[in-house]
Amino acid sequence: MVQATTRSIEFPAREFHGPAHATGFWRTYVFSTDHKVIGIQYGLTALCFLLLGFFLILAMRWQIAHPGEPIPLVGWFLEKVLGSPASRGIMSPDLYNMFGAMHGTIMVFLAIVPLAVGAFGNYLVPLMIGANDMAFPRLNMISYQLYFLGGVVMLASFLIPGGAAQAGWTSYSPLATVIPTDGQTFWLIGMVLLITSSLLGSINIITTIVQLRAPGLTWMRLPFFVWAQLAASFLLLLAFPPLEAAGIMQLMDKVAGTSFFLPTGLAVGGATAQISGGGSPLLWQHLFWFLAHPEVYVLILPAMGIVAEVLANNIRKPLWGYRTMVYAVLTLSFLSFIVWAHHMYLTGMGTRISTFFQTTTIIISIPSVILLTCLLMSLWGGSIRIHTPMLFALAFLPMFGIGGLTGLPLGFAASDIQLHDTYYVIGHFHYVVAPGTIFALFAGIYHWFPKLTGRRMNEFWGRVHFWCSFLFMNAVFLPMFAQGFAGMLRRMADGGLSYSARISPGVEGTLSDFILGLNNYILWAAVGLGLAQLPFIINLFWSIWRGERVQGDNPWQATTLEWQTPTPPPHGNFLRLPQVYRGPYEYGRLDEDGDYLPQDRPPVAHTR
Amino acid sequence: MEIAYTVHARPDTGVYNAKLGMWLFLASEVMLFGGLFSAYVFLRVGAPPDTWPQGWLNVPLGTLNTLLLAASAVTTFLAWAACKARRLDQFKLHTGLTLLLGCIFLGIKGYEYHDKWTHYELRLKDGRIAEGHLVGPKSTAEAVVLKGRWVEDRRQLLDGRRSRGTWQELTIPRADIDRMQNYAPRHNTFLAIYYTMTGLHGLHVLGGVVVFAYLWGPGSRLWHVDPEHFTNRVEVAGLFWHFVDLVWIFLFPVLYLS
Ligand code: HEM
Ligand SMILES: [Cu+2]
């Protein structure tokens, strides 16, 4: 029997005011307070940044593979826009550093997080919990605008004299402070805007989930995606402010001449710097990683949420260990606050501190493994439907697995001594974020596209997109492990040439021709990866207007509330306030018509 | 379109949306100031020997400011209670007092900043060191006039507690000066963190004052439409203000007394 186990709480009746009243173009599409419009704004902006971040790295990969050779096709353009750092179309080390810093910054703060939380969270959370909008719609609009502004500041920094920030996405001081250009100042101001934006966004998402759940939607009936968003929002809420504090201090160092992160006796360019000194470079790293480790879970948790939804829908059975997954996510979020210094084993912070952080790092891999195991076990005995969203969701599992497993050797200080700051680290985290998170985001786009548009994306080109992406992703990132083992360092503008056997033949420990040659091979794999996105981009826009129409509002026969709305959902989302009777994944039920029971379908009082 | 629980509390969580939102915001603020306080501890513990000053700040003024903020905590509470009792006049009175107290606090803080900003350390070419306040009108292109004192050793500058009584006017030819620097953030790590933390706190006070001014003035129109909604706004603004007070309760001993 399907028994509603709502606690007896009186929920005051909510009135429903009919869908969309006529508003002008600006209020509807630009200054909208509707969470769905804002979600789409986030999504489109973030996809543009994703593409831009990719182009930056493509130019860098050219330089890595062919140091000092003019960049084909776009070299002249770079010279025109950026001037001397790209003179004769050649990427100077300065430009390489600029692109490197901005690639990381754009990908993390302007592409993936805004896509995962800003777009998916905004669009889906209110729908999934049966709310008519976010708790604070105007705040929601403001957080998008701040994000947009932050992006503009970051982009503008390319055009100022001296160009953008050059000290990596980690912006370690003193390097970040002493580079004599204003790029870093722009970076910091941009970050303050982005931090404020994500702060407002996370407050909004948490309040919405806590306050606006439909009657009957108890905590353990929330779709896993909503839990993931809740956890990610808490991470954003609590981990970003210390970086904001650090950002303010670095800004003071930069513009007010303080020495928060500048040690006594610092020499710049051969001369002692005119500063008071007494600051600590380590302090920046602590504050930065206190944010940035939780941040990597902000990158991965929403992705797991998406995968869980797509998977459950396409295996046609409940997720295996839903409760365990919820507890694992909560544990993971908590633990992610006490592992940050595993990024700092080699800074000389002391072995006792290292020991503590090694321990917590290994402990945190337990809930990660639990999550992955639950998702894998869910496949067992399912009647699996294979199509593009499911392919991406399935591919997420092994890719995230590789990313997570390669994290373990980094978690031990002893092995990290060899691997730190090499291409192995690049391989590790890209496996988690690129074929991991980005694949999950693709799965989500293909999966929810019919809800947004009433049309389906083309299946054939979707599969082309998937298989090519899958192939080239691995072709790009797998060789990096080998390069890292061989000792090739990251952030070298010549791709390791100066340390190679080509420059110093016969010297012990130099990079072999094979290892160095992988750079060229990775370049072409990256070009392939870029081309593989063409079917996606065309498919996305073509399908908005021309895609095959779906039948009904619930083409995937899904149980969760976002599918129990008109398509696309009107302003206010639901025609009547939903009442929830059951958990999120009532699939594979043979006692009903169809094999699934939507969360809001009233239980039939049938005899059993 | 109406969002649920904007005014009334949700039965099972016991709060209305804005209140939860404010608590979450304050949680992030705890982390923000927590980051700065941790930085303070980190920098102070790691400071090279004989570089961390003591007693540089004006304790009586700091105490006065502490009392002002404490009093304003009471008036914000009374303002909210007045709303609960449906007394707009009382609300206006108490919020007016809060505004006044907040502004005096900022005024005093401004005076303290000015006092530090015009305080100079002069190193002469012969190695002597002078400190004191610049006497602007008397200083010329040839000489600097300070109301201050001579010290033998830079370390003597670090203890600000015992020096004030002995200050007199010093006239120092500019030609003799090697380096002249005011007590701005860049002067040393203590001043850097002092300005940063109190500055950020001051911005929060300013923000609170603006919000209260709005509620006192144009925002109070909502009272006549929906007094309960208005009362909620006063409560939420009050929560924020109490947090700002609380931060000062930590800042005062950490910066002024230790
Ligand atoms: C599950 C177990 C994981 C472990 C044990 C782990 C461990 C580590 C360690 C120790 C490092 C520092 C390596 C070094 O610099 O020497 C590192 C780097 C990194 N990890 Fe992980 N990681 C894990 C999962 C993840 C996940 C899920 C993500 C993101 C979604 C992630 C993203 C990153 C990033 C971005 C870096 C590099 C940051 C940089 O230096 O620029 N990791 N990881
Ligand atoms: Cu980490």
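Residues numbered from 1 in each chain as written. Chains lettered and ligands numbered in written order. Predicted model: local features only at pLDDT ≥ 70, side-chain atom pairs only at ≥ 80, totals over all residues. Heavy atoms only, no water.

### Here's the deal with the overall build of chain A
Next up, step 1: Counting its regular elements, chain A contains 17 helices and four strands.
Next up, step 2: Relative to the globule expectation of 25 Å for 608 residues, the C-alpha radius of gyration of chain A, 25 Å, shows essentially globular dimensions.
Next up, step 3: Taking all 608 residues of chain A together, 61% fall into the buried category.
Next up, step 4: Put simply, 78% of the contacts in chain A that link residues at least 6 apart link residues at least 24 apart.
Next up, step 5: For chain A, the accessible surface area stands at approximately 23500 Å², while carbon and sulfur atoms represent 68% of it.
Next up, step 6: Averaged over its 30 positive side-chain charges, chain A has a centre that lies 7 Å from the centre of its 27 negative ones. (Helix = DSSP H or I, 4+ residues; strand = E, 2+ residues; numbered from the N terminus. Rg over C-alpha atoms; globule rule 2.2 N^0.38 Å. Buried < 20%, exposed > 50% of the residue type's maximum accessible area, 1.4 Å probe, protein only. Contact = heavy atoms within 4.5 Å. Areas by Shrake-Rupley, 256 points an atom, 1.4 Å probe, with all protein chains shown as cover. Lys, Arg positive; Asp, Glu negative; His and termini not counted. Charge placed at Lys NZ, Arg CZ, Asp CG, Glu CD.)

### Some thoughts on the packing of aromatic side chains
Next up, step 1: Applying the stated rule across the entire model yields 59 aromatic pairs over all chains.
Next up, step 2: Consider the rings of Trp284(A) and Phe288(A), whose centres lie 6.1 Å apart with planes at 25 degrees: the pair is stacked. Of this pair, Trp284(A) and Phe288(A) both sit in helix α9 (residues 281-315), four residues apart, roughly one helical turn.
Next up, step 3: By relative accessible area, Trp284(A) is classed as buried at 0%.
Next up, step 4: Taken together through their ring pairs, the aromatic side chains of Tyr40(B), Trp52(B), Trp56(B), Tyr113(B), Trp117(B), Tyr183(B), Phe190(B), Tyr194(B) and Tyr195(B) make up a single cluster.
Next up, step 5: Cation over ring: Arg213(A) sits above Trp219(A), and NZ or CZ is 4.2 Å from the ring centre.
Next up, step 6: Across the ring face of Trp556(A), the terminal group of Arg456(A) is positioned such that the distance to the ring centre comes to 5.1 Å. (Phe/Tyr/Trp six-rings, centres within 6.5 Å; stacked < 30°, edge-to-face > 60°. Lys NZ or Arg CZ within 6 Å of the ring centre and 35° of its normal.)

### Some points on the coordination of the iron atom of ligand 1
Residues and elements named next belong to chain A.
Next up, step 1: For the iron atom of ligand 1, the protein supplies a single donor, His 428 (NE2), at a distance of 2.2 Å.
Next up, step 2: The distance between the iron atom of ligand 1 and the copper ion (ligand 2) comes to 4.6 Å.
Next up, step 3: Along the chain, the position of His 428 falls in helix α14 (residues 423-453). (Donors = N, O, S within 2.8 Å, 3.2 Å for Na, K, Ca; no water.)

### What about unusual backbone geometry?
Trans peptide bonds make up the majority, and among non-glycine residues the majority have a negative phi.
Residue and element names in this part refer to chain A.
Next up, step 1: Across the junction of Ser 173 and Pro 174, the peptide omega takes the value 0 degrees, indicating a cis bond.
Next up, step 2: With respect to the secondary-structure elements, Pro 174 resides in the loop between α5 (137-156) and α6 (175-178).
Next up, step 3: Here the residue pair Thr 567 and Pro 568 is connected by a cis peptide bond, since its omega of -15 degrees sits within 30 degrees of zero.
Next up, step 4: Along the polypeptide, Pro 568 turns up in the segment after β4 (548-549).
Next up, step 5: For Arg 491, which is not glycine, the phi dihedral falls at a positive 60 degrees.

### As for the domain arrangement of chain B
Residue and element names in this part refer to chain B.
Next up, step 1: When its domains are assigned, chain B resolves into domain 1 (21-115 + 187-257) and domain 2 (119-182).
Next up, step 2: Spacing between the C-alpha centres of domain 1 and domain 2 amounts to 34 Å.
Next up, step 3: Facing the nine residues of domain 1 at the interface are 13 residues of domain 2.
Next up, step 4: Interface of domain 1 and domain 2: buried area, both sides summed, is about 900 Å²; carbon and sulfur atoms make up 40% of it.
Next up, step 5: The largest share of the area that domain 1 buries against domain 2 comes from Asp 50, Asp 115 and His 187, three residues that together contribute 58% of it.
Next up, step 6: Summed over the shared surface of domain 1 and domain 2, the result is one salt bridge.
Next up, step 7: For Asp 50, the salt bridge is made with Arg 155, and the minimal N-O distance between the two is 3.5 Å.
Next up, step 8: Counting every contact that joins domain 1 to domain 2 gives eight residue pairs in polar contact (both at pLDDT 80 or more).
Next up, step 9: Taken together, the residues that form the side of domain 1 that touches domain 2 break down as three nonpolar, four polar and two charged. (Domains from an automatic or database assignment. Buried area = accessible area lost by both parts, 1.4 Å probe. Salt bridge = Lys/Arg side-chain N within 4 Å of Asp/Glu carboxyl O. Polar contact = N/O pair within 3.5 Å; in protein donor to acceptor, adjacent residues only side chain to side chain. Nonpolar A, V, L, I, M, F, W, Y, C, P; charged D, E, K, R; others polar.)

### A closer look at a nonpolar patch on the surface
Next up, step 1: There is a patch of nonpolar side chains on the surface, built from Leu73(A), Val74(A), Trp76(A), Phe77(A), Val81(A) and Leu159(A) and spanning about 670 Å² of accessible area.
Next up, step 2: For Leu159(A), the position within the fold is in the loop between α5 and α6. (Patch = residues over 30% accessible without salt bridge, like charges linked within 9 Å, V, L, I, M, F, W, Y side chains within 5 Å.)

### A word on the packing of helix α3 (residues 88-117) of chain B against helix α6 (residues 227-257) of chain B
Residues and elements named next belong to chain B.
Next up, step 1: Relative to each other, α3 and α6 sit at 30 degrees, their axes nearing to 13 Å. Our classification of the angle between α3 and α6 gives roughly parallel. Note that α3 runs across α6; the crossing there is left-handed. Taking contact as the criterion, the partners of Leu 88, Phe 91, Thr 98, Gly 102, Phe 105, Lys 109 and Glu 112 in α3 are, on α6, Phe 230, Val 234, Trp 241, Trp 248 and Tyr 256.
Next up, step 2: Split by residue class, the contact of α3 with α6 holds eight nonpolar, two polar and two charged. (Axes fitted to C-alpha atoms, helices over the stretch in contact; angles between N-to-C directions. Parallel < 35°, antiparallel > 145°, perpendicular 65-115°, else oblique. Left-handed = near helix turned anticlockwise from the far one by under 90°.)

### Some thoughts on helix α17 (residues 534-546) of chain A
All names here are of chain A.
Next up, step 1: When the terminal C-alpha atoms of α17 are compared, their 17 Å separation across 13 residues agrees well with the 18 Å that a helix rising 1.5 Å per residue should span.
Next up, step 2: Taken residue by residue, α17 has Pro 535, Phe 536, Asn 539, Leu 540 and Ser 543 as its buried positions.
Next up, step 3: Close packing links the buried residues of α17 with α2 (35-65), α14, β3 (455-456), α15 (459-485) and α16 (513-532). (Expected span 1.5 Å × (residues − 1).)

### Some points on the interface of chain B and chain A
Next up, step 1: Taken together, the contact pairs 37 residues of chain B with 49 residues of chain A.
Next up, step 2: When the two sides are added together, the surface that chain B and chain A hide from each other amounts to roughly 3500 Å², 72% of it contributed by carbon and sulfur.
Next up, step 3: For the pair chain B and chain A, the interface holds zero salt bridges.
Next up, step 4: Summed over the shared surface of chain B and chain A, the result is seven residue pairs in polar contact (both at pLDDT 80 or more).
Next up, step 5: Sorting the residues of the side of chain B that touches chain A by element identifies α1 (17-45) and α4 (189-216) of chain B as the ones contributing at least two each.
Next up, step 6: Considering each element in turn, the side of chain B that touches chain A owes the most residues, 15 residues, to α1(B).
Next up, step 7: Class assignment for the residues of the side of chain B that touches chain A results in 23 nonpolar, nine polar and five charged.

### Some remarks on the site of ligand 1
All names here are of chain A.
Next up, step 1: Taken together, 21 residues lie near ligand 1, and Trp 169, Asp 416, His 420, His 428 and Arg 490 sit nearest.
Next up, step 2: Here His 428 contributes a side-chain N or O atom positioned 2.9 Å from a nitrogen atom of ligand 1.
Next up, step 3: Of all the elements in the fold, those that place two or more residues in the shell around ligand 1 are α9, α11 (351-379), α12 (388-411) and α14.
Next up, step 4: Its residues assigned to classes, the shell around ligand 1 shows 10 nonpolar, nine polar and two charged. (Near = heavy atom within 4 Å.)

### Overview of the sheet that holds strand β2 (residues 129-134) of chain B
Whether parallel or antiparallel, the strands of a sheet pair through hydrogen bonds between backbone atoms.
Residue and element names in this part refer to chain B.
Next up, step 1: Spatially, the five strands line up as an open sheet ordered β4-β3-β2-β1-β5, and their pairing is antiparallel. The open sheet terminates on both sides in strands that have one partner only, identified here as β4 (168-173) and β5 (177-182). Direction aside, the axes of adjacent strands within the sheet are offset by 40 degrees on average.
Next up, step 2: Lying over the sheet, α3 contacts β1 (119-124), β2 and β5, oriented at roughly 10 degrees with respect to β1. (Pairing = 2+ DSSP bridges.)

### Observations concerning the coordination of the copper ion (ligand 2)
Residue and element names in this part refer to chain A.
Next up, step 1: Taken together, His 293 (ND1), His 342 (NE2) and His 343 (NE2) make up the full set of protein donors to the copper ion (ligand 2), lying 1.8 to 2.1 Å away.
Next up, step 2: Written as a sequence motif, the donor residues of the copper ion (ligand 2) are H-x48-H-H.
Next up, step 3: Its relative accessible area of 5% is what places His 293 among the buried residues.
Next up, step 4: Under the relative-accessibility criterion, His 343 is labelled partly exposed at 22%.

### Here's the deal with the pattern of salt bridges
Next up, step 1: This model, assessed by the stated rule, comprises 17 salt bridges over all chains.
Next up, step 2: If you follow the salt bridges from partner to partner, you end up with Asp50(B), Asp153(B) and Arg155(B) in one network.

### Here's the deal with empty space enclosed by the protein
Residue and element names in this part refer to chain A.
Next up, step 1: Evaluation of the coordinates by the stated rule reveals 11 cavities of 30 Å³ or more.
Next up, step 2: Roughly 220 Å³ of internal volume is contained in the largest cavity.
Next up, step 3: Every residue lining the largest cavity is counted, 20 residues in all, and those nearest its centre are Tyr 42, Val 113, Pro 114, Ser 197 and Ser 198.
Next up, step 4: Looking at the lining of the largest cavity, the elements with two or more residues in it are α4 (93-128), α5, α7 (183-211) and α8 (224-256).
Next up, step 5: Classifying every residue of the lining of the largest cavity by side-chain character gives 11 nonpolar, eight polar and one charged. (1 Å grid on protein atoms, 1.4 Å probe; cavity = no way out; pocket = protein on both sides within 12 Å on 5 of 7 lines; lining within 4 Å. Points joined across faces, edges and corners; volume = space filled by probe spheres on them.)

### Some words on the packing of α4(A) against α8(A)
Residues and elements named next belong to chain A.
Next up, step 1: Packing of α4 against α8 leaves a shortest axis separation of 10 Å and a crossing angle of 130 degrees. Between α4 and α8, the interaxial angle falls into the category oblique. Between α4 and α8 the crossing geometry is left-handed. Contacts from Phe 109, Ala 116, Val 117, Phe 120, Gly 121, Leu 124, Val 125 and Met 128 of α4 reach α8 at Phe 225, Val 226, Gln 229, Leu 236 and Phe 240.
Next up, step 2: Residue classes in the contact of α4 with α8 are distributed as 11 nonpolar, two polar and no charged.

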